Amino acid sequence: MTADNEIEIKEAFQRAQKGHNNKAKLVASLKSRYSKLEDKTLFHEEFVHYMKYAMIVYKREPTVENVIEFVARFATSFQSPPKAEEVEQENEEEEDEDAEDDHPFLSFIFNFLLESHKASSHAVRFRVCQLINKLLGSMAENAQIDDDLFDHIHQAMLVRVTDKFPNVRIQAALAMARLQQPKDPDCPTINAYMLILENDSNAEVRRAVLSCIAMSPRTLPKVLKRTRDIKENVRKLAYQVLAEKVHIKALTIAQRVGLLQQGLCDTSEAVREVVCSRLLPSWLLRLDGNVIELLHRLDVENCAKTAMDTLKAIFKGTPTEELLQNRVQLDNRKLIPVDSLTCETVLYCRALCEFIKDKGDDGDEMLEQVLPDAATYADYLYGYLKAVPVLSEEQRADFNQLELVMTKEFISQQLIHLIGCLDTNEEGGRKRVLAVLQEMLALPQTPSSLVSLLTEKLLTLIPDDHGCIQTVAEIISDVREPIMEASLPVDENESRRQQVQLAEVKVRILEAKQTLEDCITAQEFGRAAELKDSIMELENRRNNIIQEIAASSQPADKEIRTEKNDPETLLRCLTMCAELLKQMNIKTRIGPTISALMSSLVLPSIANAHPAVRNTAVVCLGTCTLHSKELAKTHMVLLLQIAQLDEIKIRISALRAIIDLLLLFGFQLLSDTAATQTALPSQSPDRQEDALAAKEKGDAPEDTAQSILVMLSEFLDSEVSDLRTETAEGLAKLIYTGRISSAKMLSRLVLLWYNPVTEDDTRLRHCLGVFFQLYARESRVHQEVVEESFLPTVRTLMNAPATSPLAEVDINNVVELLVELTRPSGLIKPSTNTEEVCVHDYLAVRMCGEMLRDPTAPEVRLYAKTLSNLELSRDETVRKDLQTLLQQLVQVVKDRVCLRALEKMVNQLVDSKEQAELLSASALQPLDVNADEAAAEDPSKSAKRAKRGQRKVCTAKGGRRPSRRAESSEESDGENVPESVSVVRPSRRAKTAALEKTKLDLNTLIDQEANVS
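Residues numbered from 1 in each chain as written. Predicted model: local features only at pLDDT ≥ 70, side-chain atom pairs only at ≥ 80, totals over all residues. Heavy atoms only, no water.

Student: Please explain the overall build of the chain as it appears in this structure.
Tutor: Along its length, the chain carries 51 helices and four strands. Buried positions account for 46% of the 1013 residues belonging to the chain. In the chain, the proportion of contacts linking residues at least 24 apart, taken out of those at least 6 apart, comes to 74%. Within the structure as shown, the chain displays about 53200 Å² of accessible surface, and the carbon and sulfur contribution to it stands at 49%. (Helix = DSSP H or I, 4+ residues; strand = E, 2+ residues; numbered from the N terminus. Buried < 20%, exposed > 50% of the residue type's maximum accessible area, 1.4 Å probe, protein only. Contact = heavy atoms within 4.5 Å. Areas by Shrake-Rupley, 256 points an atom, 1.4 Å probe, with all protein chains shown as cover.)

In C-alpha cells form, the structure reads like this:
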C-alpha cells in the first residue's frame, strides 16, 4: 500500500471527528479507494489501527462518538440487502446468499471486535460492545449474517451483559436486540434480558433492556413488574413500552386495573403524565376511541375508584365540545333510560358530571345539559331504588340472581353519588330529594349496602348539626320501632254464644209480636202497650248483638310500635348512627338525642351476639366519645376490654378508638379512670420493664399509662398482621404528635420494620418508613430520642438467638439508618449555631463508652466503623473529651481493623486545620479520568444488597466530603446527574470557548504515534 493510501485513511478519521462533516461523502470516498485495491489486508490492518485510538477512550467525547459512527457506517456500507428474488428462494440458496452477504471487511471488523471483547480495559470493552451495537443497528432490516458469526456475537454479548461496568452492560444489551428469537421458549437473549430486569442493580441497564426487549407471553410479566421499579425513569419507560408494544387485549383485567391504579397514583408527575398521554390514548386508539368499551375491559364494579380516575384523566385531555358530543345518550328528561343503565354507562355519567362540577362556575352551563332538575332526578332515583329486588336465603344461593342484584346495587350507588352534582339551591327540589332519601332509609327493602351512602348524602343536604341529629334520630326510630297494625284474634266460643243469643232474641221477638196481635184482637190495650215496650227492648238487644257479631267478625286494627332487635335492623340503625357521628363537627357537644341513642341502641348492641353488629357499635362508641371527654373517661375501660377479648376485626376497631382518644385528649384522660388497671390482664415482667421507659406528656397516673403501653407493646408481637400493623401505626402517631416520648418503644418500631416477619406487610413497612424520616427530621428533640434508642436496638440485634428472625437482619444497615436519622444536617430547620453540641457528639461518646466496657465484644468493630460516619460539632470541649476516650480505646482494643479506624479518627480530631490543608492539597493533584470512572463504577465498593427483610434507606449527604462522580455514558446519565443549581447563564461565545477547551482531539494522539514511528 502506498503512502497516499495511508494518508487517505488517516484523513478520513481526522475529518470524521468533526460533527459538521458529511459522513456519507467520507464513506463513499474511502469505499471508492478500498474498491480499487487488490490486496485489502493492509487496508484492514491500518483501518483497525486508527480505530483503536477511539476505542481506548471511555468518556463519551463528541469526537470519539463521531469516529464510532463513521466506522459503523463505513463497515455496513459493504452489505447490500438481499433481493426479493433471493428472499423467495431463501430455503434453496441459503449457503450462496450467506457467502454473498458476508463481506470480507465487515467480517474482519466483527472478528477483531469479538477478539477484543475480553480486554482488561473497561474502555475497550465498552467500545467493542458499542461498535457491535452500531454495526448491527446500521444493517438493513432484512439483512443476514453468517450463522457462525451470529453465534459468536451472541456468546460474546452474553458474557458482556454480566460485566461489572454498567455502561458495558448497557451496550451489550442493546447489541443483542436483533439477536432475539421471541418464538423460541429457550432463547438465551430473552433469558438474559429477563434476568437483567429482575436483578441488575443499575437503573440505566434495566432501562436499556426495557427499550429493546421483544414482547411475548414470557417477557410481559417482567415488563409489568418494572412499572413498580424503584427508579422513576424505569417506571416511565416501562409504561411507554407497554403503550407502544402491547395490545390491551393481551393484558388480563387484573393487569389492566393494576397498571392504571399504580400509574395514575404514582408519586412521580412524569410517570402519571406518561400514563395519561401515552398509555390511555394507545388503548383508546385500539378500541376506536370508545370509552365505554374501555370500561368494559375493566372490572368497574370492583375497582370503581380506579375507573373514575381513568375517566377523569381521559376527560382532562379531551376538548369540552367532544365531552358533550361523546356523552351517554339521554332521554328528553336528561336521564339515562332505565333499559340502558349499565355499570359502565352510569359510572361514565357520574365521572363526567363530577368532572364538570369541579370546574366551578365555568361548568354550570354544561352541567345543566347533562343533568335534570333535582325533583325530576329524585323521582327517577326513587323509582329505580324501589325496583331493586330483595332476595330470600334460597334465592341468594343462585349465583345468577345474586350477581344481578349486586349489579343493580352498584348502579344504585352511582346514582346516589350523582346527588352531589345536583343543583339543590332551589327549595322545592331540595325538599323532594330529602323526602326520597328519608323514605328510602326508612324502607326495610332498601339494601344494607346503600344505607351508609344514603345517610351521607342526606346529611350533606341538611345545613346544621342539630337538624342532622333530629332527622337521623327520627329515621332510626321509624326503622327500629315501626308502626304496626295489631288485630285481636277471633274467639270461636264467643262467636257461637253470640249467635245463640241472637237466635233467642229473635224467637222472643216473634213470640211477643204474636201475643201483641192476640191482645189487640181481645182489646186488651193495657197488656198490648206493655208488650210493645218489651218488643222495642228486644229489638234494641238484637241490634246490639248483631253489632257485636259484626265487630268480632271484622275486628278493628290498632296502630302500635313494636321494637325490632334482629341483627339486620340493628346493623342498619347503627350504620346510620355511625355516619351521623362521622359527619358531625368535632366541637358539637353530645345532646339528649345522641345520649338516648347511646343508651338505647349503641351500648346494648356491644353485647350483641352478631359480630358485624358489635363491630359497628364499637365504631359508634369510639366516634361518640371523641365529642365528649367525660364520655371518653366513662367508656375507656370498656374499649380496653374489647381491644383484648373480642374478635380480631372488633379488637382493631376498639384499638383505633383508643388511639384516637389518646391523640385527642392525651394520657391525662386516664387521670379519673382509676378502674382501667382492672381491665388489663397481668403482664410479664419483661413487658412491664419495656413500658417503664415511656415518659408520658401529661399528669396521667404512671401505672395506668404504662399498662396501656404494655398492651400496645404486646400487640406489636401479635401473629395477626392486621392487629400488628394497626398498633404500629397508632404508636407512630402517638410518638410523632408528642403524646409518647419513649426510646424503647421507638426501638421496638425500628426492629419491627427490619424484622423479616413483616416483609410482606406493605402497609406496615410504608407507614414506618415515612414515620422515621418525618419524625427524625422534625426537631433536635426527636433526634435525641432516636439517639437514645441506638444502643438498645443494637444490643437486641447482637443478642438475638439464631432461631430468631432478627438474626437475619443486617446490623450495619440498621446502624446506618439510625446514624442518618440523627444527622444534624438532616433537620428540616438545621441549627445555625455551629458550636452547638449535636446529637452525634452524644452518640460518639455513648459508642466509646460501650467499647470501653468490653473491648473484645464483636460489636466493637461496628462501633469503630460507625464513628467515622458521624457529623461532629466544632465544640473544642467535646472534641477533647472524645479524643481522650479514643486514646484510651487505642490502648485497650486489640483488633487491627478497629485500631486503624480509631487511629484515623484520632488523627482527624488532632488538627482539623491540617487535615483540611491535606485535603485541599490532594484535590489539586492531576487525576486520570478513566481511573476515576473505574473507581466510581466499581461495584465492589458499593454497599451490598440487603438480605430478605432488610432495606436501604435514602440518606442525606450533608456533612460528608463530596466524592467525585464519574462521567458515564449518555445511557446512564440518570445515575450521576447532580442537583441543578441556579446560575447566571453565560453568553454563547463563552459557552463555545469553554466547550472547545473540554473537547478531546484524537489528532494529537495520532500525530504523536506518527512521530514516534
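Student: How should I be thinking about the confidence of the model for the chain in this particular structure?
Tutor: Low-pLDDT stretches of the model should not have their predicted coordinates read in fine detail. Put simply, the chain has an average pLDDT of 80, and 81% of its residues get 70 or more. Across residues 84-88, where pLDDT falls below 50, the model places four contacts with residues more than four positions away in sequence or in other chains. Overall, residues 973-985 carries pLDDT values under 50, and its contacts beyond four positions in sequence, including any with other chains, amount to twelve contacts. (pLDDT = per-residue confidence, 0-100.)

Student: Explanation requested: helix α22 (residues 374-386) in the structure shown.
Tutor: Residues spaced three or four apart along an α-helix face the same direction, because each turn holds 3.6 residues. Under the 1.5 Å per step criterion, the end-to-end length of α22 is 18 Å for 13 residues, consistent within 8% with the ideal 18 Å. All of the buried residues in α22 are Ala374, Tyr377, Ala378, Tyr380, Leu381, Tyr382, Tyr384 and Leu385. Tucked into the core, α22 has its buried residues touching α24 (399-417), α25 (427-442) and α26 (451-460). For α22, the capping residue at the N-terminal end is Asp373, with a side-chain oxygen 3.3 Å from the backbone nitrogen of Ala375. (Expected span 1.5 Å × (residues − 1). Polar contact = N/O pair within 3.5 Å; in protein donor to acceptor, adjacent residues only side chain to side chain.)

Student: When you look at helix α27 (residues 465-480) in this model, what are you seeing that I'm missing?
Tutor: Spanning 16 residues, α27 covers 22 Å between terminal C-alpha atoms, matching the ideal 22 Å at 1.5 Å per step. Considered for burial, the residues of α27 that qualify are Gly467, Cys468, Ile469, Thr471, Val472, Ala473, Ile475, Ile476, Val479 and Arg480. Buried residues along α27 sit against α25, α26, α30 (567-583) and α31 (592-606).

Student: Whenever I open this one, unusual backbone geometry confuses me. Can you help?
Tutor: Phi at Asp288 is positive, roughly 60°, even though this residue is not glycine. As for its placement among the helices and strands, Asp288 is situated in the loop between α16 (269-286) and α17 (291-296). Overall, Asp288 belongs to the exposed group, its relative accessible area being 76%. One non-glycine residue with positive phi stands out, namely Lys334, at about 65°. For Lys334, a relative accessible area of 36% translates into the label partly exposed.

Student: Would you mind going over the packing of aromatic side chains with me for this structure?
Tutor: Two numbers describe a pair of aromatic rings. These are the distance of the centres and the angle of the planes. Within the structure shown, the criterion is met by 21 aromatic pairs. Where Phe315 meets Phe355, the ring centres are 5.6 Å apart and the plane angle is 55°; that geometry is what we call tilted. Taken together, the residues span a long stretch of sequence, with Phe315 in helix α18 (residues 304-316) and Phe355 in helix α20 (residues 343-357) at a distance of 40 residues. Assigned by exposure class, Phe315 and Phe355 land together as buried. Members of the aromatic cluster, each reached through a chain of ring pairs, are Phe13, Phe43, Phe47, Tyr50, Tyr53, Phe70, Phe74 and Phe105. (Phe/Tyr/Trp six-rings, centres within 6.5 Å; stacked < 30°, edge-to-face > 60°.)

Student: Where do I start with a nonpolar patch on the surface in this structure?
Tutor: The grouping of Tyr736, Val770 and Leu774 at the surface amounts to a nonpolar patch, some 240 Å² of accessible area in total. Considering the arrangement of structural elements, one finds Val770 in helix α40 (residues 762-778). (Patch = residues over 30% accessible without salt bridge, like charges linked within 9 Å, V, L, I, M, F, W, Y side chains within 5 Å. Salt bridge = Lys/Arg side-chain N within 4 Å of Asp/Glu carboxyl O.)

Student: How do you make sense of the side chain of Gln240 when you look at a structure like this?
Tutor: Along the chain, the position of Gln240 falls in helix α14 (residues 232-245). Gln240 sits in the buried class, given a relative accessible area of 16%.

Student: What should I look at first to understand the environment of Phe43 in this one?
Tutor: Note on placement: Phe43 falls in helix α3 (residues 41-55). As a C-alpha pair, Phe43 and Phe105 span 62 residues in sequence and 9.3 Å in three-dimensional space.

Student: Sorry, what's going on with the pattern of salt bridges here?
Tutor: Pairing is possible between side chains that carry opposite charge, provided their charged atoms lie close to one another. If you walk through the whole model with that rule in mind, you get 39 salt bridges. The partner of Asp229 in a salt bridge is Arg206, with the nearest N and O atoms 2.9 Å apart. Residue Asp229 is found in the loop between α13 (220-225) and α14, and its partner Arg206 is found in helix α12 (residues 203-212); the two are separated by 23 residues along the sequence. Of the two residues, Asp229 and Arg206, neither departs from the other in class, the shared state being buried.

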